[in-house]
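Report on the structure
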Amino acid sequence: MFSASTTTTSRLQTTDGYEYYTSSRCLFNSTELRDIAYIRSYYYNRMEYVRFDSSVGKFVGYTEYGVKEAEYFNKDPAQLAAMRAQKETYCTPNIDLWYRSVLTKSGESFTVTLLKV
């Protein structure tokens, strides 16, 4: 499976160095929508605490706080619909470009990373 990712960083950093950010990525092995997974991870101080995975179709928490956040997000049909739509609206427009780039790099390790600050 090939992976392309784009990271959006929303930095809420204190003088103690605590930081919050999200990472959105598309995992794919072809240009077909059914072969694409959209994942958005939420981090606090370098620890992933909650994630939306289009393959699962809902949020999953990885810490005590993340489990509560996941429960809250999963109760909101509009939030779930918006996240489920990201596979098509976020990944699909770029997948052809990423896929062609991967194919031209045969035998090489390849990851696409776009940073938005």
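Our subject in this report is the structure included herewith. None of these values were measured; they are calculated from a predicted model. (Residues numbered from 1 in each chain as written. Predicted model: local features only at pLDDT ≥ 70, side-chain atom pairs only at ≥ 80, totals over all residues. Heavy atoms only, no water.)

1. Overview of the environment of lysine 87
Within the element layout of this structure, lysine 87 appears in helix α2 (residues 77-103). With a relative accessible area of 19%, lysine 87 lands in the buried category. Spatially, the C-alpha atoms of lysine 87 and aspartate 53 are 9.6 Å apart, while their sequence positions differ by 34 residues. Looking at lysine 87, its side chain comes within polar contact range of the main-chain oxygen of isoleucine 36, at 3.3 Å. (Helix = DSSP H or I, 4+ residues; strand = E, 2+ residues; numbered from the N terminus. Buried < 20%, exposed > 50% of the residue type's maximum accessible area, 1.4 Å probe, protein only. Polar contact = N/O pair within 3.5 Å; in protein donor to acceptor, adjacent residues only side chain to side chain.)

2. Here's the deal with a nonpolar patch on the surface
Where nonpolar side chains cluster on the molecular surface, the patch consists of Val56, Val60 and Tyr62 and spans about 250 Å² of accessible area. For valine 56, the position within the fold is in the loop between β4 (47-53) and β5 (58-61). Relative accessible area serves as the criterion here: at 48%, valine 56 is assigned to the partly exposed category. (Patch = residues over 30% accessible without salt bridge, like charges linked within 9 Å, V, L, I, M, F, W, Y side chains within 5 Å. Areas by Shrake-Rupley, 256 points an atom, 1.4 Å probe, with all protein chains shown as cover. Salt bridge = Lys/Arg side-chain N within 4 Å of Asp/Glu carboxyl O.)

3. Section: the state of the cysteines
Counted according to the given criterion, the structure contains one disulfide. Between the sulfur atoms of cysteine 26 and its disulfide partner cysteine 91 the distance amounts to 2.0 Å. The S-S bond linking cysteine 26 to cysteine 91 shows a torsion near -90 degrees; that makes this disulfide left-handed. Here cysteine 26 is found in strand β2 (residues 20-28), whereas its partner cysteine 91 is found in helix α2, with 65 residues between them in sequence. Classification of cysteine 26 as buried rests on a relative accessible area of 0%. Cysteine 91 gets classed as buried once you look at its relative accessible area, which sits at 0%. (Disulfide = S-S within 2.5 Å.)

4. Some remarks on the environment of phenylalanine 52
Position of phenylalanine 52 relative to the elements: it lies in strand β4. Spatially, the C-alpha atoms of phenylalanine 52 and arginine 84 are 8.8 Å apart, while their sequence positions differ by 32 residues. If we skip the residues at most four places from it in the chain, phenylalanine 52 touches Tyr38, Ile39, Arg40, Gly57, Lys58, Phe59, Leu80, Met83 and Arg84. (Contact = heavy atoms within 4.5 Å.)

5. Focus: unusual backbone geometry
Its identity as a non-glycine residue notwithstanding, asparagine 45 has a phi of 55 degrees, on the positive side. The phi dihedral of arginine 46 is positive, around 70 degrees, even though this residue is not glycine. Residue placement: arginine 46 occurs in the loop between β3 (36-44) and β4. Assessed through its relative accessible area of 74%, arginine 46 is described here as exposed.

6. Quick word on the nonpolar core
Most often, soluble globular proteins have nonpolar side chains that are buried together. Membership of the largest hydrophobic core comes to 17 residues, with the highest contact counts inside it found for Cys26, Tyr38 and Phe59. Contributions of two or more residues to this core are made by β2, β3, β4, α1 (64-74) and α2. With near-sequence residues (within four places) excluded, phenylalanine 59 lies in contact with Tyr42, Val50, Arg51, Phe52, Ala70, Phe73, Asn74, Gln79, Leu80 and Met83. (Core = buried A, V, L, I, M, F, W, Y, C linked by side-chain atoms within 4.5 Å.)

In short, the description is geometric, and any link to function would need to be established separately.
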